[in-house]
Amino acid sequence: MFKGLLKFFHIEEEKTTIRTEVVAGLTSFMTVAYIIAVNGTILSMTGMPYEAATIVTVICSFIGCMLMALWANSPLILVPGMGDNAFFVFTLVFSLGLTWQQALAAVFIAGIVFMLTSITKGADYLSRSIPKSMINAMTAGIGLFIAFLGLKNGGLIVANESTFVTLSKLSDPYALTTILTLLIVLPLFMRQVKGSFLIAIIAGTGIGALLGIVDFSTLSDFSISFKGYGELYFALDFSGIGTLNFWTAVFSLSMVIIFQNMGAQLGMLPNKAKFQKSFQANSISVISAGLLGCSPMTTAAESATGIASGGRTGLTSFTTGILFIPALFLIPLFKIIPNSAIAPVLIIVGCLMVLSIKDIPFSDFTEAFPAYLMLAIMPLSFSIANGIAFGFIAYPILKLVAGRRKEISLTMYLIAFFFILYFILGSI
């Protein structure tokens, strides 16, 4: 069995071990397990049955991780994205007026557009046509986004009426749990202790319990009902296909999922040679989400925690995917893990990704300003897609103003045009 795993996932070629990959997969799962409970809650706002939406979250996450593992041999994990589920609910359904069944049809078609990009030379061409400064900025920007997510979820950064955000009182039990957990994980991580993130999450949960922020009441009921899932399965409705709103939904969703996932994958993949197949796996997962009744699948930012733990192959994503199945029956157990136990992991991983900022040529303003916009807008707008859009729109503008149009590829013009169109259609 172990020899088979070594051969299938090319463990030795990637200079890793089965144990390291399994621990990395477990770490990725622990940091992203919250999606099981959260996604169902968000999707249920459209009228979808909550438990059915929770079940499909698990099914689609399992399928997505298996695609990454078995097709791409990639350590990245695929789950319904937090930004994507909000886009599905608030843009496609509430703003554009689609029913959730019509929104699923839009997800399905956007997935096909995504797949066509990934199976042709489109993805490879796009990745080669995008300037390195933009790729490094996407990586660093996603790092800032992940770090901000950790600071916010950990209770260290809170909302403020006059300044939008501010530092919380460090005596707050949520902030204190985050700080104490961070103090535990930092020396473990710096000493390269295997499973340091996983140890931190467990320790953080214990600290949170002592400080009274862990709710153990959810452990009383481990039952789950599959009633209602039939309402989501193949529920996509194409009746709105002749309307402008439907195609606006398809276009905007396609732009978001293609470039958001391209940026995330190019930013996080340890081995960029796996990008093409990882991108293909991602596209198929979006199509399956539309068919099975879920919001779009995305390359989880939390993949970076598994990669930082040493994950290099598909055995990492395979382990994460397998864990989603029993997790369906252990939802109450994962509910007790406080965000403050996960936040320090996100903060450290964010730092690791931000380090790519050193490869951005800040001495050249035409390269620096678009990168700067990405870095600022991703965390401040709480959207990876918005940050990428602003950066790609600014890049050709600055090059043209500087009289350096030869440095702009046709691809960059097209991407900028479509992102401008994306913002225009989104404001109608």
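Source: prediction; values computed, not measured.

(A) Representation of the packing of helix H2 (residues 18-32) against helix H10 (residues 196-210) within the structure. Interaxial distance between H2 and H10 falls to 8 Å at its minimum, and their mutual angle equals 40°. The handedness of the crossing between H2 and H10 comes out as left-handed. Within the contact between the two elements, H2 uses Leu-26, Thr-27, Met-30 and Thr-31 and H10 uses Phe-197, Leu-198 and Ile-201. In the contact of H2 with H10, the residues fall into 5 nonpolar, 2 polar and no charged.

(B) Region of interest: the pairing of strand E3 (residues 164-167). Direction of pairing for strand E2 (residues 157-160) relative to E3: antiparallel, over a ladder of 4 bridges. Within E3, the position partnered with Ile-157 by the bridge is Leu-167. Hairpin connection, E2 to E3: the antiparallel pair is bridged by 3 residues.

(C) Here's a closer look at the pattern of salt bridges. For the coordinates displayed, the defined rule picks out 6 salt bridges. Taking the shortest distance from any N to any O, the salt bridge between Glu-407 and Lys-399 comes out at 2.7 Å. Taking relative accessible area as the criterion, Glu-407 reaches 39% and is therefore assigned partly exposed. By relative accessible area, Lys-399 is classed as buried at 0%.

Calculation criteria
- Residues numbered from 1 in each chain as written.
- Predicted model: local features only at pLDDT ≥ 70, side-chain atom pairs only at ≥ 80, totals over all residues.
- Heavy atoms only, no water.
- Axes fitted to C-alpha atoms, helices over the stretch in contact; angles between N-to-C directions.
- Helix = DSSP H or I, 4+ residues; strand = E, 2+ residues; numbered from the N terminus.
- Left-handed = near helix turned anticlockwise from the far one by under 90°.
- Contact = heavy atoms within 4.5 Å.
- Nonpolar A, V, L, I, M, F, W, Y, C, P; charged D, E, K, R; others polar.
- Pairing = 2+ DSSP bridges.
- Salt bridge = Lys/Arg side-chain N within 4 Å of Asp/Glu carboxyl O.
- Buried < 20%, exposed > 50% of the residue type's maximum accessible area, 1.4 Å probe, protein only.

What is shown is where atoms sit, not what they do.
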